[in-house]
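A look at the structure
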Amino acid sequence: MRTPLILILLAALALSACNPSAANKNLTNGNNNTALRVVEPTKPLVPASAVDPNFKACNPYYPLVPGSRRKYVISYSSGIHAEATAVVEPWEENGRKGFKELIQIVDSTGGYQIKQLIERHYVCDGDKVSILYEKTDSDVDSNKTVTEFFYRDNAYAMIEPASLKPGATWSHSLKLKIQPPGQPASEPDAPTVVQFTVVNEQELQLPTGKVKALQLFRKVGEAEMNDYFAPGIGFVKRTSKEGTGWELKEYSGLKPIEVANP
């Protein structure tokens with residue numbers, strides 16, 4: 001399977017992943033017998049330390065709490081299912097302190113079709129969350145690719161809560177570097193622009209219970225999706241035009257909070 005560039009982009013942008021529409025091609029032969037493929041067991045992603053009970057996140061809709069963990073179920077438009085685990089750790093580079101988020105995605109067969117590890121670096125800018133860098137190591141249907149995302153200045157993953165009113169918009173841009181093993185890296189000249197629009201607040205029924213969540217519409221080229229963020233927990237759900245969906249199934253180290261209506 002050749003993974004389209006825009007789907008690779010969604011893999012690293014806000015917890016998405018490649019659309020493995022042909023990811024089962026190598027699993028069976030013409031007689032529907034399982035093909036032999038050696039897959040290393042995936043080590044579960046766990047927090048590096050416990051949560052500090054006195055820690056306060058700079059933005060309740062994007063709480064970067066070291067020691068926290070969230071787990072999601074992913075349903076791809078192809079019918080494949082996967083689980084994603086996200087953990088947060090402290091991060092520092094050149095004296096600048098922030099946060100590192102690691103997201104591990106493994107399909108329900110244990111990695112025969114999809115294995116991804118996403119790493120993101122963030123800093124707080126007052127009560128806004130700025131994203132600096134991402135890297136995605138992907139193995140989708142035996143096609144391995146490393147993609148790096150270099151964000152421009154003032155690239156906000158989430159703006160200040162006071163500005164999250166229905167109809168509010170913001171955007172940021174980034175440059176890509178895609179490196180398939182043994183091949184030259186691809187670095188498109190034109191930056192990729194990500195656009196956000198605040199929709200409204202909705203009540204959602206999740207496996208973790210009922211929550212009030214803010215709906216954000218996001219557009220990257222022709223790709224469109226709706227992401228939902230619950231105060232105190234963060235990203236809880238996604239629906240996308242191409243059919244892939246995410247839903248929070250469990251979390252630890254985070255606590256729902258009440259905020260004034262945006």
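Residues numbered from 1 in each chain as written. Predicted model: local features only at pLDDT ≥ 70, side-chain atom pairs only at ≥ 80, totals over all residues. Heavy atoms only, no water.

What to know about the overall build of the protein chain
To keep it simple, the criterion reads: Only runs of H or I of at least four residues qualify as helices and only runs of E of at least two qualify as strands under DSSP, and these elements are numbered from the N terminus. Burial status follows relative accessibility: with a 1.4 Å probe on protein chains alone, a residue under 20% of its type maximum counts as buried, one over 50% as exposed, and anything between as partly exposed. Note on contacts: a residue pair is in contact if any heavy atoms of the two residues lie within 4.5 Å. The Shrake-Rupley method, run with a 1.4 Å probe sphere, supplies the accessible areas, and residue values consider only the shown protein chains as cover.
On a plain count of helices and strands, the protein chain comes out with 1 helix and 13 strands. If you list the helices and strands of the protein chain from N to C, you get α-β-β-β-β-β-β-β-β-β-β-β-β-β. Residues counted as buried form 48% of the 262 residues belonging to the protein chain. A sequence separation of at least 24 residues applies to 52% of the contacts in the protein chain between residues at least 6 apart. Entry remark: accessible area of the protein chain is about 12700 Å², with carbon and sulfur atoms responsible for 48%.

Describing the pairing of strand S4 (residues 114-125)
Within a regular strand, side chains alternate between the sheet's two faces. The cut-off we apply is this: Only strands that DSSP links by at least two bridges are regarded as paired with each other.
In this structure, strand S3 (residues 96-107) lies alongside S4, joined through 8 bridges in antiparallel fashion. If you follow Lys100 over to S4, its bridge partner there is His121. Counted along the chain from S3 to the antiparallel partner S4, the turn is 6 residues long, and its residue Gly110 has a positive phi close to 95°. The sheet contact formed by S4 and strand S5 (residues 128-140) spans 12 bridges and is antiparallel. When the bridges of S5 are listed, Leu117 appears paired with Asp137.

Overview of the state of the cysteines
Put simply, the rule is: Pairs of cysteine sulfur atoms within 2.5 Å are what we label disulfides.
Overall, the coordinates contain 1 disulfide when judged by the stated rule. With its sulfur 2.1 Å from that of its partner, Cys58 forms a disulfide with Cys124. Linking Cys58 and Cys124, the disulfide has an S-S dihedral of approximately -75° and is accordingly described as left-handed. Taken together, the positions of Cys58 in the loop between helix H1 (5-12) and strand S1 (69-75) and Cys124 in strand S4 put the pair 66 residues apart, joining distant regions of the chain. Judged by its relative accessible area of 31%, Cys124 is partly exposed.

Digging into the pairing of strand S2 (residues 81-93)
Pairing analysis gives 7 bridges linking S1 to S2, with the strands arranged antiparallel. Residue pairing across strands places Arg70 opposite Ala86, the latter belonging to S2. Here S1 folds back onto S2 in antiparallel fashion, the turn holding 5 residues, of which Gly79 has a positive phi close to 100°. Pairing analysis gives 12 bridges linking S2 to S3, with the strands arranged antiparallel. From the neighbouring strand, Ala82 faces S3, where its bridge partner is Asp107. Here S2 hands over to S3 after 2 residues, with Asn94 in that stretch at a positive phi of 50°.

Things to note about the pattern of salt bridges
Applicable threshold: Salt bridges are defined as contacts in which a side-chain nitrogen from Lys or Arg sits within 4 Å of a carboxyl oxygen from Asp or Glu.
One pass over the full model with this rule turns up 9 salt bridges. When the shortest N-O distance is used, the salt bridge between Arg70 and Glu101 registers 2.8 Å. Remark: Glu101 occurs in strand S3 and Arg70 occurs in strand S1; sequence separation between them is 31 residues. Neither residue differs from the other here; Arg70 and Glu101 are each classed as buried. Salt-bridge contacts for Lys100 lead to Glu89; the nearest nitrogen and oxygen are separated by 3.6 Å. Pair noted here: Lys100 is in strand S3 and Glu89 is in strand S2, with a separation of 11 residues, a long-range link. One network of salt bridges, with partners in common, ties together Arg70, Glu101, Arg120 and Glu134.

Observations concerning unusual backbone geometry
One non-glycine residue, Ser142, lies in positive phi territory at about 70°. Looking at where Ser142 falls in the secondary structure, it is placed in the loop between S5 and strand S6 (143-151). In this structure Ser142 comes out as partly exposed when scored by relative accessible area, which is 39%. Its identity as a non-glycine residue notwithstanding, Asn154 has a phi of 60°, on the positive side. For Asn154, the position within the fold is in the loop between S6 and strand S7 (156-158). A relative accessible area of 52% means that Asn154 is categorised as exposed.

Some points on the packing of aromatic side chains
Selection criterion: Each Phe, Tyr or Trp ring, with Trp reduced to its six-membered ring, pairs with another whose centre is within 6.5 Å; inter-plane angles below 30 degrees give stacked pairs, above 60 give edge-to-face pairs, and intermediate values give tilted ones. We count a charge as sitting over a ring when the NZ of a lysine or the CZ of an arginine lies within 6 Å of the ring centre and within 35 degrees of the ring normal.
According to the stated counting rule, one finds 9 aromatic pairs in the structure shown. A centroid spacing of 5.5 Å and a plane angle of 65° characterise the contact between Tyr72 and Trp246, whose relative ring orientation is edge-to-face. Here Trp246 lies in strand S13 (residues 245-252) and Tyr72 lies in strand S1, a separation of 174 residues in the sequence. Each member of the pair, Tyr72 as well as Trp246, is classed as buried. Counting every residue linked through ring pairs, the aromatic cluster contains Tyr62, Tyr72, Tyr122, Phe229, Phe235 and Trp246. Between Lys237 and the ring centre of Tyr228, over which it is positioned, the NZ or CZ distance is 6.0 Å.

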